[in-house]
Amino acid sequence: MSLSYYPGCTLKTKAKNAEDSAIAAMAALGVEMVELPRWNCCGTVYSFAGDEELHQLAPVRNLIRVKETGSQKVATICSFCYNTLKRAHLLVTANADKLETLNRFMEEEIDYEGDVEVVHLLEVLRDDIGWDAIKEKVQVPLTGLKVASYYGCTLLRPEEIAIDDVEMPTVMDDLMRAIGADAVSFPYATECCGSYQIVSNPDYVIQRSWDILSSALRRKAEVIVLSCPLCDANLGQKQAELKHRYAQFTEVPTLYFTQLLALALGLDPEVCRFDLNYVDPRPLLESKGLLRQ
Amino acid sequence: MRTQLSTDIIHSDFVKKVEEISGQTLLSCYQCGKCSAGCPMCFAMDLLPNQIIRLAQLGQDQDIAKANTIWICASCITCSVRCPRGVDLARVMEALRLITMRKNVDHVQIPDIPKETIGELPQLAMVGGFRKLTA
Amino acid sequence: MERIGVFVCHCKLMASIDTQRVVDAISQTPGVAHVAAHEDLCLAPGMERMKEAISEHKLDGVVVTSCSPVLHDAVVRDAITSAGLEPHQMELVDVRSHNGVQEITEKAIESIEKAIEQLKEHRPLVQTRVPITKKVLVIGGGIAGIRTSLDIADGGYPVILVERTHSIGGHMIQYSETFPTLDCPQCIETPLMTDTGQHPNITILAHSEIEEVSGRVGEFKVKVRRKAAYVDWDKCNGCLMCTEKCPPRVLSEYNRDLDLPKRQAHRRAIWVPHAQAVPMRPIIDKEHCLHFTKGKCGVCQDTCPNKAIDFDQQDSFVDIEVGAIVVATGFELMPKSHIKEYDLDPDILEGIEFERILCPAGPTAGKVIRPSDGKEPQTVVFVSCCGSRDPEHGVPYCSRVCCMYLVKMALLYKHVVHHGQAFIFYIDIRTTGKGYEEFVQRAVEEDGVLYIRGKVSRIFRDGDKLKIWGSDTLSGKRIDMDADLVVLGMAMLPAPGAQEIADKLGIELDQNGFMTELHPKLRPLETSVPGIYLAGTCQGPKDIQDSVAQGGGAASKVLALFAQDEVILEEAATG
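Residues numbered from 1 in each chain as written. Chains lettered and ligands numbered in written order. Predicted model: local features only at pLDDT ≥ 70, side-chain atom pairs only at ≥ 80, totals over all residues. Heavy atoms only, no water.

Caption draft 1: Highlighting the packing of helix α5 (residues 143-154) of chain C against helix α14 (residues 544-562) of chain C. All names here are of chain C. The N-to-C vectors of α5 and α14 enclose an angle of 35 degrees; their axes lie 8 Å apart at closest approach. Judged by the sense of rotation from one axis to the other, the crossing of α5 with α14 is right-handed. Contacts between α5 and α14 involve Ile-143, Ala-144, Arg-147, Thr-148, Asp-151 and Ile-152 from the first element and Ile-544, Ser-547, Val-548, Gly-551, Gly-552, Ala-554, Ala-555, Val-558 and Leu-559 from the second. Here the contact of α5 with α14 is built from residues that sort into 9 nonpolar, 4 polar and 2 charged. (Axes fitted to C-alpha atoms, helices over the stretch in contact; angles between N-to-C directions. Helix = DSSP H or I, 4+ residues; strand = E, 2+ residues; numbered from the N terminus. Left-handed = near helix turned anticlockwise from the far one by under 90°. Contact = heavy atoms within 4.5 Å. Nonpolar A, V, L, I, M, F, W, Y, C, P; charged D, E, K, R; others polar.)

Caption draft 2: Structural context of the packing of aromatic side chains. Considering all chains together, one arrives at 15 aromatic pairs over all chains under this definition. Plain terms: the ring middles of C:Tyr397 and C:Phe514 are 5.5 Å apart, the flat faces sit at 75 degrees to each other, and that makes the pair edge-to-face. On the criterion of sequence distance, the pair formed by C:Tyr397 in the loop between β19 (379-386) and α11 (402-416) and C:Phe514 in the loop between α13 (498-505) and β27 (532-534) is long-range, its members being 117 residues apart. Accessibility classification places C:Tyr397 together with C:Phe514 in one group, the buried group. Members of the aromatic cluster, connected to one another through ring pairs, are A:Tyr188, C:Phe460 and C:Trp469. Above the ring of A:Phe48, the side-chain terminus of B:Lys132 is found at 3.7 Å from the ring centroid. Between C:Arg267 and the ring centre of C:Trp271, over which it is positioned, the NZ or CZ distance is 4.3 Å. (Phe/Tyr/Trp six-rings, centres within 6.5 Å; stacked < 30°, edge-to-face > 60°. Buried < 20%, exposed > 50% of the residue type's maximum accessible area, 1.4 Å probe, protein only. Lys NZ or Arg CZ within 6 Å of the ring centre and 35° of its normal.)

Caption draft 3: Spotlight on the sheet that holds strand β24 (residues 477-483) of chain C. Residue and element names in this part refer to chain C. Within the open sheet, the 3 strands sit side by side as β22-β23-β24. Their pairing is antiparallel. Two strands lie at the open edges of the sheet, namely β22 (458-462) and β24, each paired on one side alone. Mean inter-strand twist for the sheet, computed between neighbouring axes without regard to direction, equals 25 degrees. Looking at chain direction, β22 and strand β23 (residues 465-472) are connected through 5 bridges and run antiparallel. For Ile-459, the partnering residue across the bridge sits in β23 and is Ile-468. (Pairing = 2+ DSSP bridges.)

Caption draft 4: Fine view of the environment of A:Val225. Residue and element names in this part refer to chain A. Here Val-225 lies in strand β7 (residues 223-226). With 31 residues separating them in the primary sequence, Val-225 and Tyr-256 have C-alpha atoms 5.4 Å apart. Setting aside anything within four residues of it in sequence, one finds Val-225 in contact with Val-147, Ala-148, Ser-149, Tyr-150, Met-172, Met-176, Leu-255, Phe-257 and Leu-260.

What follows is the structure, encoded as structure tokens:
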């Protein structure tokens, strides 16, 4: 099976660990992720204004690229890209006048007609492959690893794009259970990390990071899995600062769900690119006997 | 302190603009405060989200401009999802930001961001931050 | 009909209609012999002038424009029949509209022309005289059903009271104390329950459901399913010795499935809900009884002095014929799981669960404890409007009673736990009944209940405590607090099975699933089916006094019906 895949800018640089592990894991599951040719930045964050068609150009152009490949579906790994592309698609399919404006403006492109389905990789794993099929292919069950799944905002809000229940999602936890890990639930799983406020108010993001991570620690989580490079940076990058500010803070590695998936499928840990993680998870994984060669 | 209110003030261009850009009927809000109760960034806000929409209902654009609320908002959409009246408050916050930014006012001054920070941050943060907080 | 008279009402309600234009347009219509506009047509002088016109112009049919046809039907019918016409020789036209003058006038003309054509097609009504079987069926044995049964029975007529559970009493008997008098419902309702059980005119069919309904007012035919109790209630004398020996411990529906640390709220597989059940007869819960699930035990059978246990009992049916039916099927609360931002937790309760804990006759004998660890909570947080007034995630309406019962429970909690503190998160405080406002002020001033104005966005457990994220819009503060126990004011919904009952009876449900009354203001107890009446919360959220009042009201409707010997039904003749 082949799947059209939209990476987005960050996955090519800061979040290369997400991309590499995802492509390898999906290949092991029999899915070839085919990168979209000539893709452009998705134009995150989705514009909420009712009169800013210009901001919808970037995401819609990507959907046109998908059409050009003859594919009807495109998957993303980055939650923010998922959210932006999906919301843009829903906006133009609900508003024929906006769609027409965009199509006419992009006169050198073919028309977008609302004919592309945007999905997130977690949906593909749950709906197209299935937990049982994944369980069967697990070579290194992540036994004894206590994993807290952090969903953040963009996979679940607003409700029209939610890949699972808005208040009580389980898809990432289900994946963790399928690969043998101990899924730990915690009350801050869908609480916002502070998002782009890292640019203008980094101190507030540190505060949010403490709230979220300490909640996971109180539930005895050992690692956090997530799907968004911004959540990863916000939760992963300032842990040294947190250790300095809060005596009871202990480091907790943040990982992409695809990294743990790749590891559990028995792939070479090199392909998971743990070297790019903000908090190196390898000592912990080693101590759990999960870094076999 | 005393605040003047009148029909003109509550039907001002400001109020009309907020409703136009956000596509929301401000008076649907019955000030239950659930948005503020669930807001992840409210610990850093001068005025709570429910107070901002109340001030918008009352046409008090100056009070809204003096507060930092709309600039601290992280667009997490928790408020919109939990609002019992279906008010998309995230869109109202965006409309309020745009009313300022469309006067060519940036909230974040890009030259002021240290080089190391730019090196550290994922592009996603910058693209998103500049989209939401600059003209 | 060749000489039709059209009477156009002109009153404040119809002010936006250009009456002269209507009169001019209609006077051109073929078949119309007379058109006139009248001020306040529905009042006596207006009706008199219409009768005079019928005589003077020898009219053989009448079209009348009005506001509400339902409310004016009888008045116009009486007027034309006293002027010598037949009941079928009339047609009412509702000309209300929200549009502008031009549009409403044109619409009125169009509607009147249509009515004229329809009137021409009318055939004489056929009168059927239906003898009334002077017996009533009351569906639902809660306080409304009990009141209506007692009033009709006292009026001298037999009542069959069908109740789904195995004791009458409804939800009221589960409460600790009722507002605002703080009466104990076990004390005030049980005498009524006993009266109902002992009244010579009342037959209670408990543990029974309505299977089928056919017929019409005066002669409804109803099949009632008497569900198998696996106990022969004729042989049983209510000694309850069987319940003492039964091994399984099961969560009790009467105690809202409360799981307390010492299983105080559990019941047995053979059980009665409480010590004052009417009828005092147990049933066996097949799903938990060891005889049914494992082929073992039978201790109840061995213990029973009257050999009343009958494991082979089957459902049976009773056919009854009644002249009228009163529906009093009551309510249920929205499940807590509906609000997902509030975690499911043993210490997060809905109102009736906390009532059972507070109740002196309840599983803890009125000792206030947390279900999780049995400890006494020092901080209890009450949350209003859980699901109510929430068109996005719940129901759009206000459930009317929660403001009062939450503050009542806060006050009762304080009376038991003197150093405890109660907080109530609210958006409005609705205290419309007698003594209600004073009750709230007393709770605030004398018992220190603190009201915080704002909805709660999130409740989750953190160790020993429940974390609450709320806000106080009055002071502009985002509130964080820890609670030992949380009580949610969940929305009031119609009791499950309302749709099925409505379908069987041929009555309607409104957009919120409550049973629809014939007219919301003036005919709140009648349905669109003659002979079927409503009482209590099945018609909409309300408190006990209003349920009782409606029970009495529905009884009066039945007694009025039974004061006659036959019902005259008019139906259009076929062909």
